[in-house]
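Coordinates in review
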Amino acid sequence: MKVSISTKRPILSPCGLKDIEYQVDTYIGCEHYCHYCYALPHAETDWSKEILIHKDIVDQLDQELDKIAPQTIYLGYQTDPYQPCEKDYCQTRKVLELLFKRGFSASILTKSDLVVRDIDILKEMNDAAVSVSVAFKNNKTRKLFEANTIETEKRITALQQLKEAGVRTGTLLCPIIPYITETFQLIDMLEPYADVIWIYGLGFNDRSAENWLNVEKILNCHFSTLLEKIEPILFSKEHRYWAELGQSLETLRTERKLNLNIHI
């Protein structure tokens, strides 16, 4: 993987998530290169070959933080803060150290167990939270859609370690791919270690976008008998599949008193 210096740009940017004002992407691009990723159509580089880093992320971010009061900063919106190169470049670790020093906290989303490396900082932060994204129980299927990520079982072990360390935990059960994602089995696996489970379905609007073309190719090659059923669901939020799944999840939440945030 080629790692290059990005053009200068703000590091601290507005965050579209509820109750969080700002986010930091510690990398530009993501070598996980999940084929369905919503950020792919806007990629600056070919993520299978090159990602970008900020030239001096600590000094620049330190200056940008002067303009806001201490609060929770989100990491993981457009890129995974613990993608493989973080092991060598430590951009995320440096940002967490700075946030902690300045009295800020962090809410993190990742597909990697490398996050446990930073438990020492996270458990000392004021109300830090880590969510792990999971979409596949079957690791052979996972490799088709997100070959550069680690096994689901390793992610769950990371969640367990974070929870045992006293860090707030969550799971993003996403993206649910109709007839492929083992939604209810994954909930059973995740529930003991996640304080909250967020659930989102996979969806597309543009048939010419890279992420849909990637998924279409995978479905055509490996799930050809399901393609005709899956495609219309992925392009319609109003499809009855989503309504029926949503109702089943609501029933599960009520019967088992689970903390599920259902967005399908």
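Attention here is on the structure that accompanies the text. Everything quoted here is computed from the prediction, not taken from an experiment.

When helices and strands are tallied, the chain shows 10 helices and 10 strands. Rg of the C-alpha trace for the chain: 19 Å, near the compact-globule value of 18 Å for 264 residues, within the 12% margin. Over its C-alpha atoms, taken along the principal directions, the chain stretches across nearly 55 × 40 × 30 Å. Looking at the 264 residues of the chain, the share that counts as buried comes to 52%. Within the chain, counting contacts between residues at least 6 apart in sequence, those at least 24 apart form 73% of the total. Summing over all exposed atoms, the chain offers an accessible surface of approximately 13100 Å²; the carbon and sulfur share of this is 48%. Separation of charge centres in the chain, based on 31 positive and 38 negative side chains, amounts to 2 Å.

For the rest of this paragraph, the subject is the pattern of salt bridges. Scanning the model with the defined rule gives 15 salt bridges in all. Residues glutamate 151 and lysine 154 are paired through a salt bridge, measuring 3.6 Å at the closest nitrogen-oxygen approach. By relative accessible area, glutamate 151 is classed as partly exposed at 30%. Overall, lysine 154 belongs to the partly exposed group, its relative accessible area being 41%. Each member of the salt-bridge network shares a partner with another, and the members are Glu86, Arg93, Glu97, Arg117, Asp118 and Asp120.

This paragraph deals with the sheet that holds strand β3 (residues 22-24). Spatial ordering of the open sheet is given by β2-β3-β5-β6-β7-β8-β9-β10, a layout of eight strands whose pairing is mixed. Here the strands that pair on one side only, and so sit at the sheet edges, are β2 (12-14) and β10 (260-263). Going from strand to strand, the sheet's axes swing by 25° on average, the running direction of each strand aside. Sheet analysis places strand β9 (residues 196-201) next to β10, joined by four bridges and oriented parallel.

This paragraph deals with the pairing of strand β5 (residues 72-75). One ladder, built from three bridges, connects β3 with β5; its direction is parallel. Opposite glutamine 23, over in β5, you have tyrosine 74 as the bridge partner. Pairing analysis gives four bridges linking β5 to strand β6 (residues 105-110), with the strands arranged parallel. Residue pairing across strands places threonine 72 opposite serine 105, the latter belonging to β6.

Before going further, it helps to examine the environment of serine 107. Locating serine 107 in the fold gives a position in strand β6. Residues serine 107 and threonine 254, 147 residues apart in the sequence, show an inter-C-alpha distance of 27 Å. Residues within four places of serine 107 in sequence aside, it is in contact with Ile20, Thr72, Ile73, Tyr74, Leu75 and Ala129.

Here we take up the pairing of strand β8 (residues 168-176). Each regular strand displays side chains that alternate between the two surfaces of the sheet. A large share of β8 lies buried, amounting to eight of its nine residues. Taken together, the six bridges between strand β7 (residues 129-134) and β8 define a ladder with parallel strand orientation. In the strand pairing of β8, alanine 129 is matched with arginine 168. Bridging between β8 and β9 involves five bridges; their strand directions are parallel.

What follows concerns helix α10 (residues 240-256). Taking 1.5 Å per residue as the helical rise, α10 with its 17 residues ought to reach 24 Å, and the 24 Å between its terminal C-alpha atoms agrees with that figure. Among the residues of α10, Tyr241, Trp242, Leu245, Gly246, Leu249 and Leu252 are the ones counted as buried. Summarising the axial view, the buried residues of α10 lie within an arc of 125°, below the 170-degree limit, and thus occupy one face. Residues of α10 that are exposed and angled more than 90 degrees away from the buried face: Arg240, Ala243, Gln247, Thr254 and Glu255. The secondary structure elements touched by the buried residues of α10 are β8, α7 (183-190), β9, α9 (224-234) and β10. Phi for lysine 257, located one or two positions after α10, is positive at around 55°.

Parameters at a glance
Residues numbered from 1 in each chain as written. Predicted model: local features only at pLDDT ≥ 70, side-chain atom pairs only at ≥ 80, totals over all residues. Heavy atoms only, no water. Helix = DSSP H or I, 4+ residues; strand = E, 2+ residues; numbered from the N terminus. Rg over C-alpha atoms; globule rule 2.2 N^0.38 Å. Buried < 20%, exposed > 50% of the residue type's maximum accessible area, 1.4 Å probe, protein only. Contact = heavy atoms within 4.5 Å. Areas by Shrake-Rupley, 256 points an atom, 1.4 Å probe, with all protein chains shown as cover. Lys, Arg positive; Asp, Glu negative; His and termini not counted. Charge placed at Lys NZ, Arg CZ, Asp CG, Glu CD. Salt bridge = Lys/Arg side-chain N within 4 Å of Asp/Glu carboxyl O. Pairing = 2+ DSSP bridges. Axes fitted to C-alpha atoms, helices over the stretch in contact; angles between N-to-C directions. Expected span 1.5 Å × (residues − 1). Arc of directions from axis to C-beta.

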